[in-house]
Amino acid sequence: MTTDLALDGIAPGLTTTRAPFIEHAQASGQLYIGQPYELYSEENHRTWSRLLERMRPRWERYANPRFLEGVATLRLDPNRVPRCEDINRFLEPRTGFSAKPVSGYVPAYLFFDCLKRREFPTTITVRDGASLDYLPEPDIFHDVAGHVPMHTDRAFADALVRFGQFAERAARRAGEITDEAERIRVLTSNVKGLARFFWFTVEFGLMRESPGVPIGPGHVRAYGSGLLSSYGELEHCVESPQVQRVPAQTEWILNQYFEIHHYQPLLFVIEDFEHLFYLVHDLERRLDAGLLDNLQPGEPDVNEVDLKSFLDAAL
Ligand SMILES: [Fe+2]
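Here is a short report on the structure shown in this document.

What counts as what
Residues numbered from 1 in each chain as written. Predicted model: local features only at pLDDT ≥ 70, side-chain atom pairs only at ≥ 80, totals over all residues. Helix = DSSP H or I, 4+ residues; strand = E, 2+ residues; numbered from the N terminus. Rg over C-alpha atoms; globule rule 2.2 N^0.38 Å. Buried ≥ 20, exposed ≤ 12 C-beta atoms within 10 Å, placed from the backbone. Contact = placed C-beta atoms within 7 Å. Pairing = 2+ DSSP bridges. Axes fitted to C-alpha atoms, helices over the stretch in contact; angles between N-to-C directions. Expected span 1.5 Å × (residues − 1). Arc of directions from axis to C-beta. Core = buried A, V, L, I, M, F, W, Y, C linked by C-beta atoms within 7 Å. Parallel < 35°, antiparallel > 145°, perpendicular 65-115°, else oblique. Nonpolar A, V, L, I, M, F, W, Y, C, P; charged D, E, K, R; others polar. Right-handed = clockwise from strand over helix to strand, strands pointing away.

What the protein contains, in helices and strands, is 15 helices and six strands. Taken over C-alpha atoms, the radius of gyration comes to 19 Å for the protein, in line with the 20 Å a tight globule of 315 residues would show. Taken over the C-alpha atoms alone, the protein extends approximately 55 × 50 × 35 Å along its principal axes. Out of the 315 residues belonging to the protein, those deemed buried represent 41%. Sequence-distant contacts, at least 24 apart, represent 69% of the contacts inside the protein between residues at least 6 apart.

Written out as structure tokens, the structure is:
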């Protein structure tokens, strides 16, 4: 299919800001797609190479050891954009996870559902080489170099699967509420809580460097993909005295708003991935007990697409 599209004159280049193949897939309603590898331009490969090369020394210094083991397991090519099928050959035997190419934003309920099935929705475009440092949406460097190495770790992968199961629980609870306005209110609060939990753990989580060490500057390691795929913020989150590093507590995470367009001023620190699994278990208990139904308002907003994806599953 992908080769046909290339032959049909779809312009080469899978750059986040201009990728005719992706636009075509979106316009025809295809969310789950292949990875038309032949469409990557030399510029895309060069950008990947530059991103990986400059990040490696920072990973060595600031990433948690399980992430570094994951990077080694995946054998990322320093010169070429990774092929998802190659990644999956090394990943699936470890934890059953696979990287699943998508054409763009995955509505929240579907995203959770993928995690439950050990599939990780994966962006296949590469950021523009002129903006290596920051982009608000994910690209393949964020998804494959930032997220996927953690999926090689069994404790982390199991926590992610368990988390993925909560969408169904939230939808089922909402489905039992007969008053429509109340159903939407509760569901919005629940989805906000799940999004905050994901943000402060999977995307921006820190881990104590070693047992008993105070969690001040220099003594934490990153496991969140938003940190691990950001050259500037990876150093900042570990070293800067301006960052508030707080021992992870479920109820605080759930009520803490966040903004996406600047370095995070407050981050939560776990002890290890067994601790993360415990937090996920605690989240489940709180969800079932209705403790996510009245969370503090504020960011993130729950958009209509995400809410609808849950409502469709609830009814
Ligand atoms: Fe992410």
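Quick look at the sheet that holds strand E3 (residues 206–208) now. What the four strands build is an open sheet, ordered E4-E3-E6-E5; its pairing is mixed. Strands with a single pairing partner mark the edges of an open sheet, and in this sheet they are strand E4 (220–222) and strand E5 (244–247). Along the sheet, successive strands turn relative to each other by an average axial angle of 40 degrees, direction set aside. Strands E3, E4 and strand E6 (266–270) of the sheet are contacted by helix H12 (residues 231–239), whose axis makes an angle of about 155 degrees with E4.

Turning our eyes to something else, we now look at the environment of phenylalanine 21. In this fold, phenylalanine 21 is placed in helix H2 (residues 20–27). With 14 residues separating them along the chain, phenylalanine 21 and glutamine 35 place their C-alpha atoms 10.0 Å apart.

It helps to recall that an α-helix has 3.6 residues per turn; residues three or four apart then point in one direction. When the terminal C-alpha atoms of helix H14 (residues 273–288) are compared, their 23 Å separation across 16 residues agrees well with the 22 Å that a helix rising 1.5 Å per residue should span. Every buried residue of H14 is listed here: Phe273, Leu276, Leu279, Val280, Leu283 and Leu287. Seen from one end, H14 has its buried residues packed into an arc of 100 degrees, which puts them on one side. Exposed residues pointing more than 90 degrees away from the buried face of H14 are listed as Glu274 and Arg285. Buried residues belonging to H14 abut helix H4 (65–74), helix H8 (154–164), helix H9 (166–175), helix H10 (180–203), helix H13 (250–255) and E6. One or two steps after H14, the chain reaches glycine 290, where phi turns positive at roughly 85 degrees.

One finds Phe166, Ala170, Ala222, Cys237 and Phe310 to be the most contacted residues of the largest nonpolar core, which totals 83 residues. If we ignore the near neighbours within four places in the chain, the residues touching cysteine 237 are Leu206, Ala222, Leu227, Val243 and Leu267.

Where helix H6 (residues 108–116) contacts H9, the axes come no closer than 8 Å and their chain directions differ by 135 degrees. By the angle class used here, H6 and H9 are oblique. Across the interface between the two elements, Tyr109, Phe112 and Asp113 of H6 pack against Phe166, Ala167 and Ala171 of H9. Broken down by class, the residue content of the contact of H6 with H9 amounts to five nonpolar, no polar and one charged.

Within a regular strand, the side chains alternate between the two sheet faces. Burial runs high along strand E2 (residues 119–123): four of the five residues are buried. For the handedness criterion, the β-α-β arrangement of strand E1 (residues 98–102), H6 and E2 is classed as right-handed.

Turning next to unusual backbone geometry. Going from glutamate 299 to proline 300, the amide bond is cis rather than trans, its omega being 0 degrees. For proline 300, the position within the fold is in the loop between H14 and helix H15 (304–314). Backbone geometry places arginine 75, a non-glycine residue, at a positive phi of 50 degrees. Tracing the backbone shows arginine 75 in the loop between H4 and helix H5 (84–95). Note on arginine 75: 11 C-beta atoms within 10 Å, which makes it exposed.

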